[in-house]
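The residues making up each chain are set out below.
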Amino acid sequence: MVIELLMKKFDRSKKLYKKAIAVIPGGVNSPVRAFSAVGGNPLFIESARGSKIHDVDGNSYIDYVLSWGPMILGHAHPRIVRALRNAIEKGTSYGAPTALETKLAELLIRAYPSMDKVRMVNSGTEATMSAIRLARGFTGRDKIIKFEGCYHGHSDGLLVKAGSGAATFGVPDSAGVPAAYARDTITLPYNDVPTIKATIEREWRSIAAVIVEPVAGNMGCVLPKKSFLSTLRKITKKYGVLLIFDEVMTGFRVSFGGAQAYYGINPDITCLGKVIGGGLPVGAYGGKNEVMSVVSPEGPVYQAGTLSGNPLAMTAGIETIKELSKPNTYKKIGEKSSMLKEGLVDAAKRAGIATKFYMAGSMFCTYFTGRHVIDYRTAKASDTEKFSRFFSGMLQRGINLAPSQFESGFLSLAHTSKDIEDTIKSSYDVFKSL
Ligand SMILES: *Cc1c(COP(=O)(O)O)cnc(C)c1O
């Protein structure tokens, strides 16, 4: 077993990486894909099916990255592949309305009753950026509040003390973001109820919106305190501040109705992405009629997109949500999730490694720390060097995790009990070797 492990070769990935870095910054089109935080070269992928992803060197992995969340049905799901094949024959983009856009909008609104109307965009970044503009246009106020370690895409005003790549690389603010933009973003600690209350009571006249990941998935996986989300809802309503739930990751992930259904909180604006595109580039934002009526062409807040509502992306989204609507889907993925949770927690314990494990629906994170993680500061207290060794050990054993301590892992409906058992077994071996 050990000899076989040591023999895992990445020669072709290494070769392709070398070619890529000559023509693409860092060789990747999104920074987190580079293995900078854990060392080594990124794997170049040849194909994926179900719970497995296959690299160009012929290695296979049980995949817990799932394209960073979207592939909740597993890779190359037959229903999605079939639907896309049919759709592609009819042309790939028209720049004119289709019935598909209305269909996906109807499916989203039915699952998220806090929305009367929804606008399709091409990414999560576009969704949150547009939601902020909408909130500013609606309220006539300029400032926004976000939380440390929450990632809302890479638009200027939101790239302040952000999570995901920004957390991984320890660059809270990106170069190229004008100080004037960042000045309108107030950043507060996640789960800190007194601070958010005091800030809104003091400054509400200039605050358009609070944007939050209702479960924070871009600094690992941080669960909201019960009083955190309910206080946010109460205090924003009282002062006419809009509450934006960035459910790009948690939508159709924490539950069918996202974190808002799970925690029973209705935001004013919801941002979606990832799962709703079924692996194609999609984002969406929506809210009540009153709010959405200020979006162009109905109202004065401009927002547009050449490929928005793209027929292929809509098709993948529609079929994904229909598949997820089948009875017991979330019960099934919940059972798989519990099995993984219990196994990983137990494996770490048996191996004598201090970890904290958090899970919401089918997203999760193992932090290498003995202390509870409740915000960015406590997440950053994790032993990232230990995580890197864990990551490499798991990869060698054919388990693909996100290459950073500060990312969530994901399960799909395609993960089998055997996949999960193998993962737990490997995790014990790797924990033991740390
Ligand atoms: C992934 C993510 C985004 C950004 O979405 P992109 O499609 O990568 O632009 C925004 N918010 C959250 C919570 C995310 O997880």
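Let us look at helix 4 (residues 99-111). In a regular helix each residue adds 1.5 Å, so 13 residues correspond to 18 Å; helix 4 covers 19 Å between its end C-alpha atoms and thus fits that length. The set of residues buried in helix 4 consists of Leu104, Ala105, Leu107, Leu108 and Ala111. When helix 4 is viewed along its axis, its buried side chains cluster within an angular range of 160° and face the same direction. Exposed and oriented more than 90 degrees from the buried face of helix 4 are Ala99 and Arg110. Here the buried face of helix 4 lies against strand 4 (117-121), strand 9 (269-272), strand 10 (283-287) and helix 12 (311-325).

Further remarks concern the environment of Thr231. With respect to the secondary-structure elements, Thr231 resides in helix 9 (residues 226-238). Given the relative accessible area of 12%, Thr231 is considered buried. In this structure, Thr231 is in contact with Val193 and Lys197, ignoring residues within four places of it in sequence.

Split into domains, the chain comes out as domain 1 (2-76 + 328-433) and domain 2 (78-324). The partner domain 2 presents 35 residues to the 38 residues of domain 1 that form the contact. Contact between domain 1 and domain 2 buries roughly 2,900 Å² in total, counting both sides, with carbon and sulfur atoms accounting for 66%. Sorting the residues of domain 1 by area buried against domain 2 places Tyr330, Met363 and Tyr376 first, and these three jointly supply 23% of that buried surface. Where domain 1 meets domain 2, there are zero salt bridges. For the pair domain 1 and domain 2, the interface holds 11 residue pairs in polar contact (both at pLDDT 80 or more). For the side of domain 1 that touches domain 2, the secondary structure elements donating two or more residues are helix 13 (329-351), strand 11 (356-360), strand 12 (363-367) and helix 14 (376-380).

All residues adjacent to the ligand are Ser123, Gly124, Thr125, Tyr151, His152, Gly153, Glu213, Asn218, Asp246, Val248, Met249 and Lys274. Within the backbone of Gly124, a nitrogen or oxygen atom sits 2.9 Å from an oxygen atom of the ligand. Protein contact buries 83% of the 380 Å² of open area that the ligand shows by itself.

Interpreting fine coordinate detail is not advised for predicted regions of low pLDDT. Here the chain averages 95 in pLDDT, and 96% of its residues register 70 or above. No element of the chain has a lower mean pLDDT than helix 1 (residues 2-6), which averages 49, and none a higher one than strand 9, which averages 99.

Reading guide: rules and limits
- Residues numbered from 1 in each chain as written.
- Predicted model: local features only at pLDDT ≥ 70, side-chain atom pairs only at ≥ 80, totals over all residues.
- Heavy atoms only, no water.
- Helix = DSSP H or I, 4+ residues; strand = E, 2+ residues; numbered from the N terminus.
- Expected span 1.5 Å × (residues − 1).
- Buried < 20%, exposed > 50% of the residue type's maximum accessible area, 1.4 Å probe, protein only.
- Arc of directions from axis to C-beta.
- Contact = heavy atoms within 4.5 Å.
- Domains from an automatic or database assignment.
- Buried area = accessible area lost by both parts, 1.4 Å probe.
- Salt bridge = Lys/Arg side-chain N within 4 Å of Asp/Glu carboxyl O.
- Polar contact = N/O pair within 3.5 Å; in protein donor to acceptor, adjacent residues only side chain to side chain.
- Near = heavy atom within 4 Å.
- Areas by Shrake-Rupley, 256 points an atom, 1.4 Å probe, with all protein chains shown as cover.
- pLDDT = per-residue confidence, 0-100.

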